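# Summary of structural features
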Amino acid sequence: MAKGISNAVIRRLPRYYRYLDELLERGVDRISSGDLSNAMHITASQIRQDLNNFGGFGQQGYGYNVQYLHDEIGKILGLDHTHNIIVIGMGNLGQAISRYMHFDNLGFKMVGFFDVNPDLKGKMIRDIPVSMMDELPEFVKTHQVDIAALTLPRANATQAAEMVIDLGIKSIWNFALVDLDVPEDVTVQNVHLSDSLMQLSYNIMQKK
């Protein structure tokens, strides 16, 4: 994260990017902060403050050039680079994530799949065979791996995280229901699906 920029701002950037992507698909060339505000339910002031953290990008009386803003936010998010991902844990969730093709459009490339279940060895996903965990060290020696996605049970997640960190992988996309204790130079993004459902449940109950 850029120095001095809050996590809240960073969390909003993908929303801006997705909406600008929709505008491009509809052939929209420019948009005002007011129209962007109405569409995204974020105040125009907040949008301007968010974007001013990175240079602003707008012109008074014109608004924002959609293509330019889309490209610049993409650069901020690192989407102008390819990020190679391995997935560890090839159960239902791991296989679903591995097959999700939209990641490719954002520059996230699945390069390897790993599990401990010998019944999965050699199973083809995206024309890539599932490998066993004991093959991971050699794989990392011969492939650039930027992100390790952990889609495995809580009991195995900590050990898997320690392994990938020891192998030099500095970014972890964690779907396991455990908070990982990692060194300061390792970045973890937690995706706890059950947390989202519990938040949804809370919101449902508030409207009853």
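This section reports on the structure supplied with the text. Note that the structure is a prediction, hence the values are computed from the model and not measured.

## Digging into the overall build of the protein chain
Summing up its helical and strand segments, the protein chain has nine helices and nine strands in all. The buried share among the 208 residues of the protein chain stands at 39%. Here the contacts in the protein chain between residues at least 6 apart in sequence split such that 55% fall between residues at least 24 apart. Across the protein chain, the 19 positively charged side chains and the 24 negatively charged ones have centroids separated by 7 Å.

## What about the packing of helix α2 (residues 33–40) against helix α3 (residues 44–52)?
At a minimum axis separation of 8 Å, α2 and α3 run at an interaxial angle of 110°. Between α2 and α3, the angle falls in the class roughly perpendicular. Here S33, G34, L36 and S37 of α2 come into contact with α3, specifically with A44, I47 and R48. Of the residues belonging to the contact of α2 with α3, the class tally is three nonpolar, three polar and one charged.

## With respect to the sheet that holds strand β3 (residues 83–88)
With mixed pairing, the seven strands of this open sheet are ordered in space as β5-β6-β4-β3-β7-β8-β9. The sheet terminates laterally at β5 (124–125) and β9 (187–190), the two strands that pair on one side only. Of the pairings in the sheet, the one linking β5 to strand β6 (residues 128–132) comprises two bridges and is antiparallel in character. When the bridges of β6 are listed, M124 appears paired with P129. Those strands touched by helix α8 (residues 154–166) are β3, β7 (147–150) and β8 (171–174), and its axis lies near 170° from that of β7.

## Overview of α2
One full turn of an α-helix is made of 3.6 residues, so residues set three or four places apart face in the same direction. Every buried residue of α2 is listed here: S33, L36, S37 and M40. The arc that holds the buried residues of α2, viewed along the axis, is 105°, so those residues lie on one side. Close packing links the buried residues of α2 with α1 (7–25), β1 (30–31), α3 and β2 (64–65). At the C-terminal side of α2, H41 shows a positive phi close to 60°.

What counts as what
- Residues numbered from 1 in each chain as written.
- Predicted model: local features only at pLDDT ≥ 70, side-chain atom pairs only at ≥ 80, totals over all residues.
- Heavy atoms only, no water.
- Helix = DSSP H or I, 4+ residues; strand = E, 2+ residues; numbered from the N terminus.
- Buried < 20%, exposed > 50% of the residue type's maximum accessible area, 1.4 Å probe, protein only.
- Contact = heavy atoms within 4.5 Å.
- Lys, Arg positive; Asp, Glu negative; His and termini not counted.
- Charge placed at Lys NZ, Arg CZ, Asp CG, Glu CD.
- Axes fitted to C-alpha atoms, helices over the stretch in contact; angles between N-to-C directions.
- Parallel < 35°, antiparallel > 145°, perpendicular 65-115°, else oblique.
- Nonpolar A, V, L, I, M, F, W, Y, C, P; charged D, E, K, R; others polar.
- Pairing = 2+ DSSP bridges.
- Arc of directions from axis to C-beta.

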